[in-house]
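A closer look at the structure
Chain by chain, the residues:
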Amino acid sequence: MTDSVKKRIIKWFWILFTVPVVAVLILIGLVWAFADIPSFEELENPDSKLATTVLAEDGEILTTFHIENRSYVSYSELSPHLVHAAVATEDVRFYNHSGIDFKSLGRVVFKTLLGGDSSQGGGSTITQQLAKTLYPREDVSSRIPGMSKVKMVWVKIKEWITAVKLERNYTKDEIMDMYMNAIFFGSNAYGIKSASQTFFSKNPIDLTVEESATLVGMVNKPTRYNPALNPDKSLIRRNFVISQMEKAGYLTKAEKDSIQQIPITLNYQIQDHNAGLAPYFRDMLRRTMNAKEPKRSSYAQYEDYVVDSLQWADDAFYGWLNKNKKADGSSYNLDKDGLRIYTTINYKMQKYAEEAVAEHLGKDLQKSFWRDLRWKTNKPFSNDIPRETIDQLMKQARRWSDRYRIMKNNGASDSDIRKSFSEPTQMRVFSWNKKGYIDTVMTPDDSIRYYKAHLRAAFMAIEPHTGHVKAYVGGPNYRYFKYDNVRQGKRQVGSTIKPFLYTLAMQEGMSPCDKVVNVPQTFIVGDDTWTPKSTDKDEWIGQTVTLKWGLTKSSNNISAYLMKQFGPEAMVEMMRKMGVGSYLEPVNPLCVGAADLNVYEMVAAYNTFPSRGVYVTPIFVTRIEDSMGNVLGEFNNHKREAISEYTAYLMANLMQGVVNSGTGVRLRAKYGLTGEIAGKTGTTNDQSDGWFIGYTPSLTAGVWVGAEDRQVHFESLSLGGGSNMALPIWGIFMKKCRADASLGMSDSERFVAPPGISLNLDCDGSDADASVKAEEEDDYFFE
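Residues numbered from 1 in each chain as written. Predicted model: local features only at pLDDT ≥ 70, side-chain atom pairs only at ≥ 80, totals over all residues. Heavy atoms only, no water.

Let us now look at the overall build of the chain. Counting its regular elements, the chain contains 29 helices and 21 strands. Looking at the chain residue by residue over its 783 residues, the buried ones come to 51%. Long-range contacts, defined as pairs at least 24 residues apart, comprise 70% of the intrachain contacts of the chain with a sequence gap of at least 6. (Helix = DSSP H or I, 4+ residues; strand = E, 2+ residues; numbered from the N terminus. Buried < 20%, exposed > 50% of the residue type's maximum accessible area, 1.4 Å probe, protein only. Contact = heavy atoms within 4.5 Å.)

This part takes up a positive patch on the surface. Together, Lys363, Lys367, Arg371 and Arg374 give the surface a local cluster of positive charge. Within the secondary structure, arginine 371 sits in helix H15 (residues 347-373). (Patch = residues over 30% accessible without salt bridge, like charges linked within 9 Å, V, L, I, M, F, W, Y side chains within 5 Å. Areas by Shrake-Rupley, 256 points an atom, 1.4 Å probe, with all protein chains shown as cover. Salt bridge = Lys/Arg side-chain N within 4 Å of Asp/Glu carboxyl O. Lys, Arg positive; Asp, Glu negative; His and termini not counted. Charge placed at Lys NZ, Arg CZ, Asp CG, Glu CD.)

On strand E12 (residues 543-546), burial covers both faces: Gln543 and Val545 on one face and Thr544 and Thr546 on the other are all buried. Bridging between strand E9 (residues 515-517) and E12 involves 3 bridges; their strand directions are antiparallel. If you follow valine 516 over to E12, its bridge partner there is valine 545. (Pairing = 2+ DSSP bridges.)

In this section: the packing of helix H3 (residues 80-90) against helix H7 (residues 172-182). Close contact between H3 and H7 brings their axes to 11 Å; oriented N to C, the two are set at 90°. What the angle tells us is that H3 and H7 run roughly perpendicular. For the pair formed by H3 and H7, the contact residues are Leu82, Val83, Ala86, Val87 and Glu90 on the first element and Met176, Tyr179 and Met180 on the second. For the contact of H3 with H7, a count of residues per class yields 7 nonpolar, no polar and 1 charged. (Axes fitted to C-alpha atoms, helices over the stretch in contact; angles between N-to-C directions. Parallel < 35°, antiparallel > 145°, perpendicular 65-115°, else oblique. Nonpolar A, V, L, I, M, F, W, Y, C, P; charged D, E, K, R; others polar.)

What follows concerns the sheet that holds strand E7 (residues 469-473). Backbone-to-backbone hydrogen bonds join strands into a sheet, with any given pair of strands oriented parallel or antiparallel. The 5 strands are arranged E7-E6-E20-E19-E18 in an open sheet whose pairing can be described as antiparallel. Each edge of the sheet is formed by a strand with only one pairing partner; in this case those strands are E7 and strand E18 (678-683). For this sheet, the mean inter-axis angle between neighbouring strands, taken without regard to orientation, is 5°. Here strand E6 (residues 456-462) runs beside E7; their pairing, made up of 4 bridges, is antiparallel. Paired with isoleucine 462 across the two strands is valine 469, which belongs to E7.

As a further point, take the sheet that holds strand E1 (residues 52-55). Spatially, 5 strands are ordered E2-E1-E3-E15-E16 in an open sheet, and the strand pairing comes out mixed. Edge strands, defined here as strands with exactly one partner in the open sheet, are strand E2 (61-65) and strand E16 (631-634). Geometrically, the sheet is characterised by an average inter-axis angle of 20° between neighbouring strands, direction not taken into account. Here strand E3 (residues 340-343) pairs with strand E15 (residues 621-625) via 4 bridges, running antiparallel. Bridge pairing in E15 places threonine 343 opposite valine 621. Helix-sheet contacts for helix H12 (residues 279-289) involve E1, E2, E3 and E15, and the interaxial angle to E2 is about 50°.

Okay, the packing of aromatic side chains next. For the structure on display, the rule yields 26 aromatic pairs. The interplanar angle of 80° and the centroid separation of 5.1 Å between the aromatic rings of phenylalanine 369 and phenylalanine 714 together place this pair among those described as edge-to-face. In this pair, phenylalanine 369 sits in helix H15 while phenylalanine 714 sits in the loop between strand E20 (699-706) and helix H27 (717-720), placing the two residues 345 residues apart along the sequence. Accessibility assignment for this pair places phenylalanine 369 and phenylalanine 714 in one class, buried. Through pairs of rings, three or more aromatic residues link up here, namely Trp370, Phe430, Trp432, Tyr450, Tyr451, Tyr480 and Phe481. Just above the ring of tyrosine 478 sits the side chain of lysine 482; from NZ or CZ to the centre is 4.9 Å. Directly above the ring of tyrosine 600 sits arginine 487, whose terminal nitrogen or CZ lies 4.0 Å from the centroid. (Phe/Tyr/Trp six-rings, centres within 6.5 Å; stacked < 30°, edge-to-face > 60°. Lys NZ or Arg CZ within 6 Å of the ring centre and 35° of its normal.)

Further remarks concern the pattern of salt bridges. In the structure shown here, the tally under the stated rule is 29 salt bridges. The residue lysine 348 makes a salt bridge to aspartate 740 at a minimum N-O spacing of 3.5 Å. Here aspartate 740 lies in the loop between helix H29 (727-739) and strand E21 (772-773) and lysine 348 lies in helix H15, a separation of 392 residues in the sequence. Judged by its relative accessible area of 35%, lysine 348 is partly exposed. Exposure remark for aspartate 740: the relative accessible area of 11% places this residue in the buried category. Taken together, the shared-partner salt bridges in this structure form one network comprising Lys351, Glu355, Glu359 and Lys736.

Here we take up helix H24 (residues 599-606). With 8 of 8 residues buried, H24 lies mostly within the body of the structure. Backbone nitrogen of tyrosine 600 and a side-chain oxygen of the N-cap are separated by 3.2 Å at the start of H24; the cap is asparagine 598. (Polar contact = N/O pair within 3.5 Å; in protein donor to acceptor, adjacent residues only side chain to side chain.)

In the predicted model, the chain carries a mean pLDDT of 88, and the fraction of residues at 70 or more is 87%. Here residues 30-36 is a poorly scored stretch, pLDDT under 50, and it has 12 contacts once near neighbours within four places are set aside; other chains count. Considering only residues more than four positions removed or in separate chains, one finds that residues 108-121, a stretch of pLDDT under 50, has 16 contacts. (pLDDT = per-residue confidence, 0-100.)

Right, let's talk about unusual backbone geometry for a bit. Cis peptide bonds are those with omega within 30 degrees of zero, and the linkage from lysine 379 to proline 380 qualifies with 0°. For proline 380, the location among the structural elements is in the loop between H15 and helix H16 (387-400). Despite not being glycine, glutamine 687 shows a phi value in the positive range, around 60°. Here glutamine 687 shows up in the loop between E18 and strand E19 (689-696).

Each pair of packed helices gets described by two things: the angle between the helix axes and the distance between those axes. Where H15 contacts H29, the two axes come as close as 8 Å, and the packing angle between them is 140°. One finds that H15 runs oblique with respect to H29. As H15 packs across H29, the resulting crossing turns out to be right-handed. Residues Met349, Tyr352, Ala353, Glu355, Ala356, Val357, Glu359 and His360 of H15 form the contact with H29, whose participating residues are Pro728, Ile729, Ile732, Phe733, Lys736 and Cys737. (Left-handed = near helix turned anticlockwise from the far one by under 90°.)

Once that is clear, we can look at the pairing of E16. The two faces of the sheet receive side chains in turn, since in a regular strand these alternate between them. As paired elements, E15 and E16 share 3 bridges and run antiparallel to each other. Each residue of the ladder has a partner; that of isoleucine 624, found in E16, is glycine 633. Two successive antiparallel strands, E15 and E16, enclose a turn made up of 5 residues, where glycine 629 displays a positive phi of approximately 90°.

What follows concerns the nonpolar core. Ranked by size, the top nonpolar core spans 95 residues in total, and within it Phe281, Met460, Tyr472, Phe500, Phe620 and Ile624 carry the most contacts. Setting aside its immediate chain neighbours within four residues, methionine 460 contacts Val469, Ala471, Tyr472, Val486, Val599, Tyr600, Val603, Thr700, Ala701 and Gly702. With 50 residues, the next largest nonpolar core counts Ala397, Phe459, Leu673 and Leu699 among its residues. (Core = buried A, V, L, I, M, F, W, Y, C linked by side-chain atoms within 4.5 Å.)

Next comes the structure, spelled out in structure tokens:
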């Protein structure tokens, strides 16, 4: 070979070697100069759509607001097994490179691209994967041949540069922490904290070797290796990760062999908007924080407008998102800004409240209602409901359905829409079975009737002297029944209204053991007369009874007697003092429950009794912080004296008769609750609504149960009364709370008598208080 040939070979060798290198360097320079590389500020604050966390009073997570269910954890909160699994599987030289692992890159080029061996894996380091996750790739598709590959090279170089930037500005532990917080694990779990909660109901620090390996194994293919969806593939992948951990020196061979024999055991629950604890409470928080300044034109009832206007003016939390801005003037976003909302909810009480609703409705009451429906011809509506009313209710339900809105928006005619509701369709509907649903075929019309046949419930509990809301359940199942019956729903309250009238009587100088004659009362207003239907046994009519007997037996006659003494206007005024803000018509039938109120305001009003006459506005959030822990807002409630402490004590005495001898005695007989408990049941016309609101010295709680429509109800009082529909939920809840020693609730608590009280309160509300005929005891009459 001549020297000239040798020179040409050497020349071309250097050309072929240096040109690509120079080209890559030039390309890197161009990318660095002109491409949209994340700045240092953007690296510090990536757009990661942090979930807002809602915390119980003990700091435990209740629920989240999120687009991506993502919550951050620090490196110290990561299990070492997680870090070891990630390094061993994804980037074994993680602690030795500066963002780009050229050895792995070479392996990909020569073995994977040239040799076609896909088992060699990818060449991206953990830092590069973090860069790609924080700053997702743009679309590289192109109609120009070869241009997509050029774009991909451009994108990859951007990722390399970003990875180098990350390595220069963060420690390896910080990069690992950001990586763990950025990964998508499937099942709506973004970040390791959400993933560990979703799949194992644990915090990341508590994950075992096998659990850590399961999660790390999902990183590249979160659906294929999802243990809930593909358990067999997930087990194989997990064991591969464990083998890699042994190969990297994090496990011994004996440990590897032993751990690989452990089956995957999940505690799986997708953390979506329908799942988790307190979903109705979460929805109420969103509505309250998003509230806008009230406008009169938006309200049918003036009283509701007044209530919301006062809240807007006096409650800093009401409309918080519209009252407060960030430092840059932009609005806060519950789903992206990673706020921390500290609530008054007690995690255990909330859990017990939801369990109580499910136990009573699912195991008992709904089954009784299905049996009651067998004798109805227009299921689920009562037989006495006119066809026109049923047709109107069904028409309204169709118009409220997603099916109707979607078809209407797509231009379907009314006749086509109506026809579609009569066509059998495959669907999943709610059920009280173990799965929580049934897959079936029915017409949309039948599904409407099916859901209307399900009884709904509402429950709220608050602490008397602080007004802290401890538990909040707006319905039977948030996934299928979104309507919040605690604050959104208003229903007739029945006899639960009677304590307000008795409070007026006590405030005006009467006492529980004062006696009146039990006879029907007739009201004459102009040319009209009205006599409330007596609910008393025939043998009780004409007897002299104590006021405590009247409330214990929920006697309409005695309530009507008191209404005659004081009048409806005075009763309305008393209810306003005790916090009832809804519309109240000052008419005589108010004495037996002719008012539509919600559970929220009824429980708050009843709470005046154990709080010794002070009305305390309910509060459910005490503080809001940003994602960095800076306090954005702190909240307090308002207190005012509504009735005297003396009156409040007399009412506690009166209402204990309901539980000891009256319609609430089931709390003693069936649920075994002891100690001082006061309360009142309520049942509306045709058993459409069942109520029970009760209190102890340390807790006030109220329950409503009924169907969506008042035309759907039990036919008998024994099944449809408040003592059977609502009271059991209260009893189950309280029994669970008292059984939990950590809650500190005791049956030794007592209602404290105010100083100087000297009344004779020897009556108990039992039948013994109604044993004397009127003509024998003229001195007991009130004029």
